[in-house]
Each structure stands twice: as C-alpha cells, then as structure tokens.
Amino acid sequence: MIRFLFFLVCLLLGAPLVSSAQRAASPAPTLQPSFFATYAYLTYDILDKASGPTPIAAKGVGGTLTLNPNGTYQKHLTLAANGTAMPFDQTGRFAFTGDQITFSYTDKKGQPRTDQGSFRLRNNLLTLIIQGFPAGNYSTYTLRAQ
C-alpha cells in the first residue's frame, strides 16, 4: 500500500512538470528567405533635384547583384543608352545595420569609394535607396531574388 501511495504521489508531482515542459517547447522555426542571394535588376530610378522633383527611370535595366554571406558583393548592372548596352561592373564589400547599408569598392581611377543608403527586402524584392551627390539626390534600385 505504501508503494502504491508513493507511486501515486510521484505521478501527481511529476505530471505538472511534464506538462510545463511540453508547454515550454516551442515549434520548430520556419526558414525565412535569405538576404544573401543573387538578385536581378528590375528598375533603376535617379532623382537629380537639379533636373526636377521627379525621379527619372533608366532604360534597358538588366544584370545582377550578388550579396555573399562573407560581406562581399558583385554588381553587374547594364543600362541601355544610345542604342547600346552600357555595363557597370563592380566588386567590393558591403555591410548593413538595421535598414542601413554601405557598399565599399575601388572606382575606375583606383580610388576607394563608399556608397551609403537604405534597403528593404519584402517578398523576394530588394529595394536599395543609395544617397547621391549633391546631398538630397538619390538612386533607387529594385531587384528580385533569383
């Protein structure tokens, strides 16, 4: 009889522990799309306040931007101008904090450059808004993850 009571007490004391442990277990996390991917350029708009208050859409936008987990990137942007495709290739490093991003690279003259701006990634669409010169000008890129 004492064994039975001991067994019953253990069951009653152990039952709340099991249910609280079960309640503490969280469901397996769902995977979100990675920020680190290759993106295809869809649009490129430039706001040059000297030309007016409305951004100007570049024509014949194409190419890719690859953002690697190690902080490096490769940009292969093409634009149509005067009946030809103009390539803009660039490699360098990027960093981001919150919704702010920087791209550091060496320009065609061998000088170090850094472009700063913000980004938003929603539904595999990456929007980059890069500050221009003079202050107040900017470029907006829209890209889709491939």
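Since this is a predicted model, take the numbers as computed values, not measurements. (Residues numbered from 1 in each chain as written. Predicted model: local features only at pLDDT ≥ 70, side-chain atom pairs only at ≥ 80, totals over all residues. Heavy atoms only, no water.)

For Thr66, the position within the fold is in strand S3 (residues 62–67). By relative accessible area, Thr66 is classed as buried at 17%. In terms of polar contacts, Thr66 uses its side chain to reach the side chain of Thr38, at 3.0 Å. Setting aside chain neighbours within four positions, we find Thr66 in contact with Ala37, Thr38, Thr72, Tyr73 and Gln74. (Helix = DSSP H or I, 4+ residues; strand = E, 2+ residues; numbered from the N terminus. Buried < 20%, exposed > 50% of the residue type's maximum accessible area, 1.4 Å probe, protein only. Polar contact = N/O pair within 3.5 Å; in protein donor to acceptor, adjacent residues only side chain to side chain. Contact = heavy atoms within 4.5 Å.)

Evaluation of the coordinates by the stated rule reveals twelve aromatic pairs. With 6.3 Å between their ring centres and 50° between their planes, Phe36 and Phe96 make a pair best called tilted. Remark: Phe96 occurs in strand S5 (residues 84–97) and Phe36 occurs in the loop between helix H1 (2–24) and strand S1 (38–47); sequence separation between them is 60 residues. Residue classification places Phe36 among the partly exposed positions, given a relative accessible area of 32%. Between Phe94 and Phe96 the ring centres are 6.3 Å apart and the planes differ by 5°, which places this aromatic pair in the stacked class. Phe96 gets classed as partly exposed once you look at its relative accessible area, which sits at 36%. An aromatic cluster is present here, built from Phe35, Phe36, Tyr73, Phe94, Phe96, Phe103 and Phe119 joined pairwise through their rings. (Phe/Tyr/Trp six-rings, centres within 6.5 Å; stacked < 30°, edge-to-face > 60°.)

Summary statistics for the protein chain give a mean pLDDT of 84 and a share of 77% for residues scoring 70 or more. Overall, residues 1–23 carries pLDDT values under 50, and its contacts beyond four positions in sequence, including any with other chains, amount to zero contacts. (pLDDT = per-residue confidence, 0-100.)

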